[in-house]
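Here is how the chains run, residue by residue.
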Amino acid sequence: MDGNGNSETPELNAPRPRRIAILTAGGDAPGMNAAIRAVVRSAAIAGIEVIGFRRGYEGLIRDLAEPLDGRSVANMIQRGGTFLETSRSPEFRTPAARGLAARNLKRHQIEALIVVGGEGSMIGAAAFSAETGVPVFVIPASIDNDIPGTDYSIGFDTAVNTALEAIDRIRDTAFAYERVFCVEVMGRDSGFIAIAVALGGGAEAVIVPEIPFSLDDICDRVEDSHRRGKRSTIVVVSEGPRTGGVIPVAEALTARLGMQARVVVLGHVQRGGAPTARDRLLASRMGAGAIKAILDGAGPSLIGEDRGAIVRVPLSEVATQRRPLDPSLIELVHQLST
Ligand code: F6P
């Protein structure tokens, strides 16, 4: 295994494909454009044509195909979002729609597919590949960073830095007014963003979907910190039904402390914007790693980063896993906010 996409995934000795496809699926993430650019340009060097499908799996079903060349990806590396557009496609969960998608790929004589997307897109890619035999390579891109098989997914670093910039501003006014702020960050099903933001922003408490919590405990913690002389407080909460969002937390703190806790919902601000240097580098290396995997005749894989090296992990292996959150990081948030 080396830092450029070579690893132990079994290779199938397939002949080099002449044409491949790429799409971006699920929630967009800053750095997706940089990944498409790396794929298209690495493929061009290897003499492989690339067809882009717009709007994720939906575009694969509806055949929204367009050829991409080196010029189509010019001036893209710094742009947030995805110029290929994306969607969440409930239809792709049905074998009938996946069959349609496979027929479209066949008609365009496409021999491999690169999916740039998050956990749900990766699971869809694994099912599609297993069912149709199309070799699919997944480049993990999601601000949530909840994809197994990789230490980082494209977009996470940018989203965390965007949220931290907001937290730093909130901290200024929280300190000046001796206020309590409850800040909601993205991550409906996973708390990687919340924990990174809470740790990096020096929050007093953090609530994530994976770990049960009690509002009473959160109130005790904040009350305690006030007793110890702290006058401003930041509590970070992951959005979504599993945590209940930021409002009940602010209401509980308001009732307990007798002062109005302020609410900030960062929302989709965290998903947009220019990718950070880290995300651009990761996207460029993963994009090139995907083409290397195809040239090596590797089986369907996730192109991940493992302790700094670009690696391939069989899709069938990662599709059944969940990426666990390290609960000791919540303890660290508490420890460092004393
Ligand atoms: O999966 C990425 C993500 O941005 C989550 O962090 C967030 O909870 C969710 O998507 C929001 O989804 P949507 O923008 O489709 O409402």
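Trainee: Give me the packing of helix H5 (residues 156-177) against helix H6 (residues 192-201): which residues, what numbers.
Mentor: Helix packing geometry: the angle between the two helix axes and the distance between the axes. It is the contact of H5 with H6, at a shortest axis distance of 9 Å, that shows an interaxial angle of 45°. Considered as vectors, H5 and H6 are oriented oblique to each other. For the element pair H5 and H6, the recorded crossing hand is right-handed. Across the interface between the two elements, Phe156, Val160, Ala163, Leu164, Ile167 and Arg171 from H5 touch Phe192, Ile193, Ala196, Val197, Gly200 and Gly201 from H6. Looking at side-chain class alone, the contact of H5 with H6 contains nine nonpolar, two polar and one charged residues.

Trainee: Give me the site of the ligand: which residues, what numbers.
Mentor: Around the ligand, the structure places Arg88, Ile143, Asp144, Met186, Gly187, Arg188, Glu239, His268 and Arg271. Between Gly187 and the ligand, the recorded distance is 3.0 Å, taken from a backbone N or O atom to an oxygen atom. Per-class residue counts for the shell around the ligand are two nonpolar, two polar and five charged.

Trainee: Tell me what's going on with the nonpolar core, and back it up with residues and numbers.
Mentor: Among the nonpolar cores identified, the biggest contains 64 residues, and Ile20, Ile22, Ile114, Ile139, Val197 and Val236 are the most heavily contacted of them. Among the elements that make up this core, the one with the highest residue count is H5 (nine residues). Among the domains, domain 1 (19-155 + 275-318) and domain 2 (156-271) are the pair contributing at least three residues each to this core. Discounting residues that sit within four places of it in the chain, Ile139 has contacts with Ala35, Val39, Ile114, Val115, Val116, Gly117, Ile154, Met286, Gly287 and Ala290. Ranked by size, the runner-up nonpolar core spans 30 residues in total, among them Leu113, Val134, Leu315 and Ala319.

Trainee: I'd like a rundown of H6, residues and numbers included.
Mentor: Counting buried positions over the 10 residues of H6 gives seven, a clear majority of the element. Every buried residue belonging to H6 is among Phe192, Ile193, Ala194, Ile195, Val197, Ala198 and Gly201, and all of these are buried. Trailing H6 by a residue or two, Gly202 shows a phi angle of about 65°, which is positive.

Trainee: Can you tell me about the domain arrangement of the chain, naming the residues and giving the values?
Mentor: Along its sequence, the chain is organised into domain 1 (19-155 + 275-318) and domain 2 (156-271). Each of domain 1 and domain 2 has a C-alpha centre, and these two points are 34 Å apart. Every contact between the two is made by 17 residues of domain 1 and, on the other side, 13 residues of domain 2. Of the roughly 1,200 Å² buried where domain 1 meets domain 2, counting both sides, 51% is carbon and sulfur surface. Broken down residue by residue, the surface that domain 1 buries against domain 2 is led by Ile143, Asp144 and Thr276, which jointly contribute 40%.

Trainee: Let's hear about the packing of aromatic side chains: which residues, and what values?
Mentor: Within the structure shown, the criterion is met by three aromatic pairs. An angle of 45° between the planes, with centres 5.5 Å apart, marks the rings of Phe92 and Phe128 as tilted. In this pair, Phe92 is assigned in the loop between strand E3 (65-68) and helix H3 (95-107) and Phe128 in helix H4 (residues 119-132), connecting sequence segments 36 residues apart. Per residue, the accessibility class of Phe92 equals that of Phe128, and both read buried. The structure contains a cluster of three or more aromatic residues connected by ring pairs, namely Tyr57, Phe92 and Phe128. Between Arg278 and the ring centre of Tyr152, over which it is positioned, the NZ or CZ distance is 4.2 Å.

What counts as what
- Residues numbered from 1 in each chain as written.
- Predicted model: local features only at pLDDT ≥ 70, side-chain atom pairs only at ≥ 80, totals over all residues.
- Heavy atoms only, no water.
- Axes fitted to C-alpha atoms, helices over the stretch in contact; angles between N-to-C directions.
- Helix = DSSP H or I, 4+ residues; strand = E, 2+ residues; numbered from the N terminus.
- Parallel < 35°, antiparallel > 145°, perpendicular 65-115°, else oblique.
- Left-handed = near helix turned anticlockwise from the far one by under 90°.
- Contact = heavy atoms within 4.5 Å.
- Nonpolar A, V, L, I, M, F, W, Y, C, P; charged D, E, K, R; others polar.
- Near = heavy atom within 4 Å.
- Polar contact = N/O pair within 3.5 Å; in protein donor to acceptor, adjacent residues only side chain to side chain.
- Core = buried A, V, L, I, M, F, W, Y, C linked by side-chain atoms within 4.5 Å.
- Buried < 20%, exposed > 50% of the residue type's maximum accessible area, 1.4 Å probe, protein only.
- Domains from an automatic or database assignment.
- Buried area = accessible area lost by both parts, 1.4 Å probe.
- Phe/Tyr/Trp six-rings, centres within 6.5 Å; stacked < 30°, edge-to-face > 60°.
- Lys NZ or Arg CZ within 6 Å of the ring centre and 35° of its normal.

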